[in-house]
Amino acid sequence: MKKWSRRIRGAIGMGLTWAVAWFGAGMIMLLGLLVVTGSTGADVPYPLGFGAFGFVAGVIFSGVLGLVEGRRRFDEMSLPRFAGWGAAGGFLLSAIFVLTVALAEDPAFLWNLVALGPVFAVAGAASAAGSLTLARRAEDRELLDASRDVADVGLTKYEAGELLSDEG
């Protein structure tokens, strides 16, 4: 049971991380539209909509990654492969979105998938690459902090004496 709760927390954490990034992209788009056109022209504010999509995309990506990569650690994964799985998760999100929303309104829903699929795939790939980079930085920082603790231990007088006597 611990394993599943840890995976669920990881998926939610990934979703929240992606939601923040996609919220930022929505803010940039909103500000750009306000500057260029003077209005947003949207029913849902872009930052909130993008943030929601980012959360779902992050959770989907986490699920895809867990199924495909299994027990690999972050340091064992390559950035291009990780980004590829992010693109797959983004495309899967666009397929789910198009099938649930556009199918009810438009029988030619595949054209919507052709338009949204690449956009969500690129956003997913970028988010996955950023997530791996952040995870590796956090892991490196933990290793550095651990090495500081080891350096604080130091040598005893006896060990230092043996080390000095071996050199001479």
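Keep in mind the model is a prediction, meaning the values are calculated, not measured.

*Asks:* It is not clear to me how the overall build of the protein should be interpreted in this structure. Could you clarify?
*Replies:* When you go through the protein residue by residue, the secondary structure sums to 5 helices and 0 strands. Tracing the protein from N to C terminus, the helices and strands come up as α-α-α-α-α. Buried positions account for 27% of the 168 residues belonging to the protein. Across the protein, contacts joining residues at least 24 apart in sequence account for 68% of those joining residues at least 6 apart. When the accessible surface of the protein is split by element, carbon and sulfur atoms take 68% of a total near 11400 Å².

*Asks:* Where do I start with the packing of aromatic side chains in this structure?
*Replies:* Note on aromatic pairs: each is described by the distance of the centres and the angle between the planes. This model, assessed by the stated rule, comprises 7 aromatic pairs. Here Tyr46 and Phe50 contribute two aromatic rings whose centre-to-centre distance is 6.2 Å and whose plane-to-plane angle is 85°, an arrangement assigned as edge-to-face. Taken together, the residues Tyr46 and Phe50, both in helix H2 (residues 46–69) and 4 residues apart, mark about one turn of the helix. Ring plane angle 65° and centroid distance 5.3 Å describe the contact between Phe53 and Phe120, whose orientation is recorded as edge-to-face. Residue Phe53 is located in helix H2, and its partner Phe120 is located in helix H4 (residues 109–153); the two are separated by 67 residues in the primary sequence.

*Asks:* Even after reading the chapter, I still don't get a nonpolar patch on the surface, so can you show me in this structure?
*Replies:* Judged by side-chain polarity, Phe23, Met27, Leu31, Leu34, Val44 and Leu48 come together as a nonpolar surface patch covering roughly 520 Å² of accessible area. When residues in the nonpolar patch are grouped by element, the largest group, 4 residues, is from helix H1 (residues 2–36). Mapped onto the secondary structure, Leu34 falls in helix H1. On the basis of relative accessible area, Leu34 is assigned to the partly exposed category, the value being 38%.

*Asks:* Any chance you could explain a positive patch on the surface here in plain terms?
*Replies:* On the surface, Lys3, Arg6, Arg7, Arg9 and Arg71 cluster together into a positively charged patch. On the secondary structure map, Arg71 appears in the loop between H2 and helix H3 (79–105).

*Asks:* Got a minute to help me understand H1 in this structure?
*Replies:* In an α-helix, one full turn covers 3.6 residues, which means residues spaced three or four apart are oriented alike. The end-to-end C-alpha distance of H1, which contains 35 residues, comes to 51 Å, matching closely the 51 Å that a straight helix rising 1.5 Å per residue would cover. Directly beyond the C-terminal end of H1, a positive phi value near 90° is found at Gly38.

Rules used in this analysis
- Residues numbered from 1 in each chain as written.
- Predicted model: local features only at pLDDT ≥ 70, side-chain atom pairs only at ≥ 80, totals over all residues.
- Heavy atoms only, no water.
- Helix = DSSP H or I, 4+ residues; strand = E, 2+ residues; numbered from the N terminus.
- Buried < 20%, exposed > 50% of the residue type's maximum accessible area, 1.4 Å probe, protein only.
- Contact = heavy atoms within 4.5 Å.
- Areas by Shrake-Rupley, 256 points an atom, 1.4 Å probe, with all protein chains shown as cover.
- Phe/Tyr/Trp six-rings, centres within 6.5 Å; stacked < 30°, edge-to-face > 60°.
- Patch = residues over 30% accessible without salt bridge, like charges linked within 9 Å, V, L, I, M, F, W, Y side chains within 5 Å.
- Salt bridge = Lys/Arg side-chain N within 4 Å of Asp/Glu carboxyl O.
- Lys, Arg positive; Asp, Glu negative; His and termini not counted.
- Charge placed at Lys NZ, Arg CZ, Asp CG, Glu CD.
- Expected span 1.5 Å × (residues − 1).

Treat this as a map of the structure, not an account of what it does.
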